[in-house]
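Below are the chains, spelled out letter by letter.
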Amino acid sequence: MSMQHQKPPYAAIFWTVARNSLIREMTFRVNFIAHSIALMSWTGLQLVFYNIIFQFRDSIGKDTGWTRYPFFMFLGTVMVVNSLMQTFFMPNLREFSEMIRKGNLDFVLLKPIDTQFLVTFNRIDWSSMANFALGLGVIVYSMIQMHYMPTPLQFVLFPFYLLVGVSIYYSTVLLMSCSSVWMGRNQSLDQLWFYITTFSRYPMEIYQGSLGVPIRWIFTTVFPVLLVVNVPARVLAKPLDMDQLPLAGYAVLVAIAGLFLSRMLFKFSLNKYRSASS
């Protein structure tokens, strides 16, 4: 088989990127440690804040079932999902706009490998994994306090739906990033990311009443970010029952559709991209 028709070794390339990113971060160990501590400190303050709330309330939202430790399992899931996004995707999708503005995307397009793969995995921010470890710790601690042991099926479904949730986040951010091709520069990506994901940090049961119901509909259909954490957290924190199946199945369909649509828009935007040399 000729070299032109060989499939690029994506796994080896990803491993190389991961290794080089870690070496680069270990070159500046103090910065790596300081960033990790800053992230964990901010997350720790959120834990303190919710502990204060639970001194006065039995649950988050009226009759939602999210009492102290089930909610902390939910919060731990938020930390895990957000840390995966910040580690692997957000720095790179943020850089995509700068690639377009500075013309560096021209060099990426010339390489004999899928452009979306290169844009997505340009580098890895290993310091953001600090919150991943903290999130897992919060989940395990909450289980111990609840004297609760999920079933083997729940342990299998939890990481699966974590990947489903990350896929929904990734496709949402990629769709927003593609607008940089037409705008030239998209500095509002972080702000959009923060505002949209703010709603996904809480159980969907709290969105009730005349204001809550429309918000819940928008963020489960138009911008389905409420599915990102709610589904895996439910799978782990609550006993599996038939009531969870429709939401779980819907989340998988949304993830598949989101990845497909974001892929199509990314390719379309590249076709509309005007080279820096043109």
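Provided above is the structure to which this section pertains.
What you see is a predicted model, and the numbers here were worked out from it, not measured in a lab.

*Asks:* Looking at this structure, I do not really get the overall build of the protein chain. What am I missing?
*Replies:* On a plain count of helices and strands, the protein chain comes out with 13 helices and 0 strands. N-terminal to C-terminal, the α/β element order of the protein chain is α-α-α-α-α-α-α-α-α-α-α-α-α. Taken over C-alpha atoms, the radius of gyration comes to 20 Å for the protein chain, in line with the 19 Å a tight globule of 278 residues would show. Along the three orthogonal principal directions, the C-alpha set of the protein chain runs to about 60 × 45 × 40 Å. Residues counted as buried form 45% of the 278 residues belonging to the protein chain. If you take every contact in the protein chain between residues at least 6 apart in sequence, the share linking residues at least 24 apart comes to 78%. Surface summary for the protein chain: the accessible area is close to 15200 Å², and the carbon and sulfur share equals 68%. In the protein chain, 21 positive and 12 negative side-chain charges are present, and the distance between their average locations comes to 7 Å.

*Asks:* Looking at this structure, I do not really get the pattern of salt bridges. What am I missing?
*Replies:* Side-chain pairs of opposite charge can arise where the charged atoms are in close proximity. Across all of its chains, the model carries 2 salt bridges by this definition. The residue Asp114 makes a salt bridge to Arg263 at a minimum N-O spacing of 2.8 Å. Highlighted residues: Asp114 in the loop between helix H5 (105–109) and helix H6 (115–120) and Arg263 in helix H13 (residues 245–272), separated in sequence by 149 residues. Across the pair Glu205 and Arg234 runs a salt bridge, and its minimum N-O distance is 2.1 Å. Of this pair, Glu205 sits in the loop between helix H10 (189–198) and helix H11 (209–221) while Arg234 sits in helix H12 (residues 226–237), and the two are 29 residues apart along the sequence. Each member of the pair, Glu205 as well as Arg234, carries the same accessibility label: buried.

*Asks:* What exactly am I supposed to notice about the packing of helix H8 (residues 152–177) against H13 here?
*Replies:* Two numbers describe a pair of packed helices, the interaxial angle and the distance between the axes. Put simply, H8 and H13 touch, their axes get as near as 8 Å, and they point 35° apart. The two elements H8 and H13 cross, and the hand of that crossing is left-handed. For the pair H8 and H13, the contacting residues are Phe160, Tyr161, Val164, Ser167, Ile168, Tyr170, Ser171, Leu174 and Leu175 in the first and Ala248, Gly249, Ala251, Val252, Val254, Ala255, Gly258, Leu259, Leu261, Ser262, Leu265 and Phe266 in the second. In terms of residue class, the contact of H8 with H13 is made up of 16 nonpolar, 5 polar and no charged.

*Asks:* So what exactly am I meant to see when it comes to the environment of Ser167 here?
*Replies:* Within the element layout of this structure, Ser167 appears in helix H8. For the pair Ser167 and Leu134, spaced 33 residues apart in sequence, the C-alpha separation works out to 21 Å. Sequence-distant contacts of Ser167, defined by excluding residues within four places in its chain, comprise Ala255 and Leu259.

Parameters at a glance
- Residues numbered from 1 in each chain as written.
- Predicted model: local features only at pLDDT ≥ 70, side-chain atom pairs only at ≥ 80, totals over all residues.
- Heavy atoms only, no water.
- Helix = DSSP H or I, 4+ residues; strand = E, 2+ residues; numbered from the N terminus.
- Rg over C-alpha atoms; globule rule 2.2 N^0.38 Å.
- Buried < 20%, exposed > 50% of the residue type's maximum accessible area, 1.4 Å probe, protein only.
- Contact = heavy atoms within 4.5 Å.
- Areas by Shrake-Rupley, 256 points an atom, 1.4 Å probe, with all protein chains shown as cover.
- Lys, Arg positive; Asp, Glu negative; His and termini not counted.
- Charge placed at Lys NZ, Arg CZ, Asp CG, Glu CD.
- Salt bridge = Lys/Arg side-chain N within 4 Å of Asp/Glu carboxyl O.
- Axes fitted to C-alpha atoms, helices over the stretch in contact; angles between N-to-C directions.
- Left-handed = near helix turned anticlockwise from the far one by under 90°.
- Nonpolar A, V, L, I, M, F, W, Y, C, P; charged D, E, K, R; others polar.

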